Amino acid sequence: MPTARRRAASRRTRKRRTGRASAPRGSGGRRRLRALLFRLLLVSAVLFAGLLVHLDMRVRSRFEGRQWSLPARVYAAPVMLYAGRRLAPEAFAAHLARLGYRRVSRVRRPGEYARDGLRFEVYTHPFRFWDGEAPAHHLHLVFGPRRLERLTAADGRVLDLVRLEPERIASLYPGRNEDRELVRLEQVPTRLLRGLLAVEDREFLRHHGVSLRAILRALVADLRAGAAVQGGSTITQQLVRNLFLDRRRTLTRKLTEALMALLLEAHYDKRRILETYVNEVYLGQDGARAIHGFALASRFYFDRPLKALSDDQIALLVGLVRGPAWYDPFRHPRRARARRNQVLDVFQAQGILTPAEAERARRRPLGVVRPRHFPSNAWPAFIDLVRRQLLRDYRREDLERAGLRIFTTLDPLRQAALARRLPHRLRVLERRRGLPAGTLQAAVIVTGAQTGDILALAGDRGVRGAGFNRALAARRPVGSLIKPFVYLEALAHPDRYTLATRLQDRPLVVPQPDGTRWRPQNYDRRYRGAVLLHDALVQSLNVPTVRLGLALGARAVIDRLRRCGLRAEPRPWPSLFLGAVNLTPLEVTALYQTLANGGFRTRLRAIRAVTRPDGSALQRYPIAVRQVIDPRVYVLIDQALRDVVREGTARLVAERFPGVQGIAGKTGTTDDLRDSWFAGYDGRTLTVVWVGRDDDGPTGLTGAGGALQVWLDLAREHGLVARPLRHPRGVEWHRIDRVTGLRAGPGCRDVIELPFLAGSAPRRTAPCAAHGADRSWWRSLLGGRED
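What you are looking at is a predicted structure, and each value in this text was computed from that prediction instead of being measured.

Novice: Lay out the overall build of the chain with the relevant residues and their values.
Specialist: When you go through the chain residue by residue, the secondary structure sums to 24 helices and 32 strands. Per-residue burial for the chain yields a buried fraction of 53% across its 787 residues. Once local pairs closer than 6 in sequence are excluded, the contacts in the chain between residues at least 24 apart make up 68%. For the chain, the exposed surface amounts to about 37000 Å²; the carbon and sulfur share of it is 52%.

So, in structure tokens, the structure goes:
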């Protein structure tokens, strides 16, 4: 019995224990589930908070830093109009076309012109230059065949000078090629703002970034259509999408868009958001350039500022927000007009327009004009130089995002003429020499003779082509272009050398460090005996030049080159005196700029000024000059280079332009006729031309037969200006007998008048002064007989 009780008690104890154990096990599972859910919620909250912090940082960094990437706009120099300017009417018409002017029958507003033969009527655009605002001008112009004869205002007033707005030649875009014109909200027409809100977001002033009513309305429309036909995005959401997100229609992207819209509205007021939207919204495409913002779209589609838009034009721009490509008025005019009229219906329904105003607007044509195409890079070789100069002063990010306005020195008329003339001349030279088409290449640089401004530049025969820029990067032997600097160094020592000094043109052997012997020869392989220093340079004789260089020393010649603008350090070999040094056309131009500017070393510049987007000055690039040649010595070398053109290797210039005095220059030819050079200058410009082959093969062209022909083509296009003769104190002129190098008298026949530093002229008189009848005996005696 007791045993039975003990068993029963044991069973009751086990049951109680079992009950007590099972109860805690069930409640513990629920607690663990609640703890797990709490942890999940906590992690989710932390992740969500982290996401919000991340999104908030993105929103604020964009709005509180630089909001937009504004490309730098690069402008050519403005064309100056004045009576008497050499300018053909066809060249003027082509320039107006590049500026985007429209030819009309009746001129009424800026950007239009009319033409009747040699008479033009032009209404110019206003423009803000680096030095102030230029107003619009209503002009009447009368041309002759190659010259502007008369310039007056529309009211008949004679105008002395008018500066046209500059041609935009490039834009330095960031990666996305976005372009825009920034405006403040008060600069936007009220009807455009009201119409935009009426069409895109009627609850903009009431919601906090997201409109549930708009979302539901769009959802119903989508369900009825069975597809996505209506958007429920507010303007704030659209702005978020444009600034931060892609256009994929996914739930994640939509949720992110909504969160960022709420954050945006939490930090910034409606005015700031709407102003940003007006400048950011995408409204079209111009080639690779994306048109953003209503201000730029107004100019792109209608060529007028926002404040000048009519009601129908405002409606079209507002309608384009829905789909710029789908409603493109150039490609789909009917579709665009239907969309515009739908927007006008909304304008009328919302009381923005009266029924009469809306009806008048519906009857109007689209009114879009041929867009002014602004090339991203019209002249790649020149823009390459501009970039190089800019990168010395600015970060690449600033150039592509800060909206700088860069005013360059490029003369658009000269550049256009170069693009037209150079390829034609190279084709002619190829036919004459029997070369396959496309064999020859070229580089050309044109500068202002007194300023160093680069007015035109070609780095390829195609001029407009991008790629290898030979003007800046092609290092070629310069040949005889180096000779003037050898002679300049000699003439700087009047106690030893003058233009009348006699140099020996006889066979010469120059020992080399490696034991070999160098035997320089003249181009025609002839020797002339004793020749004047002047004549050796004018006729570009090699042997007398080497003799002179050896007497001076290679180091002295190199020092002279560096003082005149050469940055490279040539090797001091005797072949240097004949141009065995590789230089780029730009380096050659820097050297000859010193000669063209009267002995003043002038820094070449491609940029005149840089301004901020609002037009305020940021930096100017003044002309920098330094005198490096004694003005008396300069007269001597200048006279020799004038005579190169008058009677020497470049005499073709004097034959083609017989009435223009003072033109100077020098030809250059390298071994086997591989390189053809000419550097020549008048009173206005210096032009350096190289013609050759990329494979370094022979061209069959001397400097006069190749590069000089290109130079003459450009001279015919723009004309030449005489260079006055300088008369510094300490220079005197004497008649010199070319046979003896002594002073000439009445009986001398071969006479030249040369300048000398005071006291350095020959004191003796040539025998021909008294024995003019028998010159052959004197020539034989003095060693001047030709071999």
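Novice: Run through the nonpolar core, naming residues and quoting values.
Specialist: F382, L390, Y592 and W711 are the most contacted members of the largest nonpolar core, which totals 125 residues. The element that contributes the greatest number of residues to this core is helix α21 (residues 631–647), accounting for nine residues. Not counting chain neighbours up to four residues away, the residues in contact with L390 comprise L172, L399, I406, I607, V610 and Y621.

Novice: Which residues make up empty space enclosed by the protein, and what values do they have?
Specialist: Enumeration according to the criterion identifies three cavities of 30 Å³ or more in this entry. Taken as a whole, the largest cavity holds about 150 Å³ of empty space. As for the largest cavity, its lining consists of 14 residues, and the residues nearest its centre are R414, T685, T687, L714 and A715. If one sorts the elements of the lining of the largest cavity by residue count, helix α23 (residues 707–718) sits on top with four residues. Of the residues in the lining of the largest cavity, the class split is seven nonpolar, four polar and three charged.

Novice: Pulling in residues and values, what's your account of unusual backbone geometry?
Specialist: One non-glycine residue, R525, lies in positive phi territory at about 60°. By secondary structure assignment, the location of R525 is in the loop between β21 (517–518) and β22 (529–532). Assessed through its relative accessible area of 60%, R525 is described here as exposed. One non-glycine residue, D672, adopts positive backbone phi at about 60°. With respect to the secondary-structure elements, D672 resides in the loop between β28 (664–669) and β29 (675–681). Taking the relative accessible area as the measure of exposure, D672 reaches 54% and is therefore exposed.

Novice: Kindly report on the sheet that holds strand β1 (residues 72–75), identifying the contributing residues and their values.
Specialist: Taken in spatial order, the five strands of this open sheet run β11-β1-β15-β25-β26, and their pairing is mixed. Because the sheet does not close on itself, it has two edges, and the strands there are β11 (168–172) and β26 (617–620). For this sheet the average axis-to-axis angle between neighbouring strands, irrespective of direction, equals 20°. Here strand β15 (residues 405–408) pairs with strand β25 (residues 607–611) via four bridges, running antiparallel.

Novice: Can you lay out the pattern of salt bridges for me, pointing to particular residues and giving the numbers?
Specialist: In this structure the tally under the stated criterion is 49 salt bridges. R362 serves as the salt-bridge partner of D345, at 2.8 Å between the closest nitrogen and oxygen. Taken together, the positions of D345 in helix α10 (residues 333–349) and R362 in helix α11 (residues 355–363) put the pair 17 residues apart, joining distant regions of the chain. D345 gets classed as partly exposed once you look at its relative accessible area, which sits at 39%. For R693, the salt bridge goes to D695, with nearest N and O atoms at 2.9 Å. Salt bridges sharing partners connect three or more residues here, namely D535, D643, R646, E647 and R738.

Novice: Account for the side chain of N522, naming residues and giving values.
Specialist: Within the secondary structure, N522 sits in the loop between β21 and β22. Residue classification places N522 among the buried residues on the basis of a relative accessible area of 4%. A polar atom in the side chain of N522 sits 3.1 Å from the backbone nitrogen of V543. Not counting chain neighbours up to four residues away, the residues in contact with N522 comprise D505, Y527, R528, L541, N542, V543 and P544.

Novice: Explain the sheet that holds strand β4 (residues 112–116) residue by residue, including any values.
Specialist: One open sheet holds the five strands; their spatial order is β3-β4-β5-β8-β9, and the pairing between them is mixed. Every other strand in the sheet has two partners, leaving β3 (102–103) and β9 (148–153) as the edge strands with one partner each. Taken together, the two bridges between β3 and β4 define a ladder with parallel strand orientation. When the bridges of β4 are listed, R102 appears paired with E112. Lying over the sheet, helix α2 (residues 89–99) contacts β4, β5 (119–123) and β8 (138–143), oriented at roughly 25° with respect to β5.

Novice: Explain the environment of A361 residue by residue, including any values.
Specialist: Structurally, the position occupied by A361 is in helix α11. By relative accessible area, which is 1% here, A361 ends up buried. Linking A361 and L344, residues 17 residues apart in sequence, is a C-alpha distance of 7.7 Å. Discounting chain neighbours no more than four positions away, the residues touching A361 are D312, R340 and L344.

Novice: How would you sum up the pairing of strand β16 (residues 441–448)? Please name residues and give values.
Specialist: Of all the eight residues making up β16, eight are buried; the element is thus mostly covered by neighbouring parts of the structure. Burial along β16 is two-sided: the face carrying Q441, A443, I445 and T447 and the face carrying A442, V444, V446 and G448 are both buried. In this sheet, strand β30 (residues 685–692) lies alongside β16 in antiparallel orientation, the contact comprising eight bridges. Across the sheet, the residue bridging to G448 is T685, located in β30. Here β16 runs beside strand β17 (residues 454–458); their pairing, made up of four bridges, is antiparallel. Bridged to I445 within β17 is L457. Linking two consecutive strands that pair antiparallel, namely β16 and β17, is a turn of five residues; a positive phi of about 80° is found at G452 within it.

Rules of the game
Residues numbered from 1 in each chain as written. Predicted model: local features only at pLDDT ≥ 70, side-chain atom pairs only at ≥ 80, totals over all residues. Heavy atoms only, no water. Helix = DSSP H or I, 4+ residues; strand = E, 2+ residues; numbered from the N terminus. Buried < 20%, exposed > 50% of the residue type's maximum accessible area, 1.4 Å probe, protein only. Contact = heavy atoms within 4.5 Å. Areas by Shrake-Rupley, 256 points an atom, 1.4 Å probe, with all protein chains shown as cover. Core = buried A, V, L, I, M, F, W, Y, C linked by side-chain atoms within 4.5 Å. 1 Å grid on protein atoms, 1.4 Å probe; cavity = no way out; pocket = protein on both sides within 12 Å on 5 of 7 lines; lining within 4 Å. Points joined across faces, edges and corners; volume = space filled by probe spheres on them. Nonpolar A, V, L, I, M, F, W, Y, C, P; charged D, E, K, R; others polar. Pairing = 2+ DSSP bridges. Axes fitted to C-alpha atoms, helices over the stretch in contact; angles between N-to-C directions. Salt bridge = Lys/Arg side-chain N within 4 Å of Asp/Glu carboxyl O. Polar contact = N/O pair within 3.5 Å; in protein donor to acceptor, adjacent residues only side chain to side chain.

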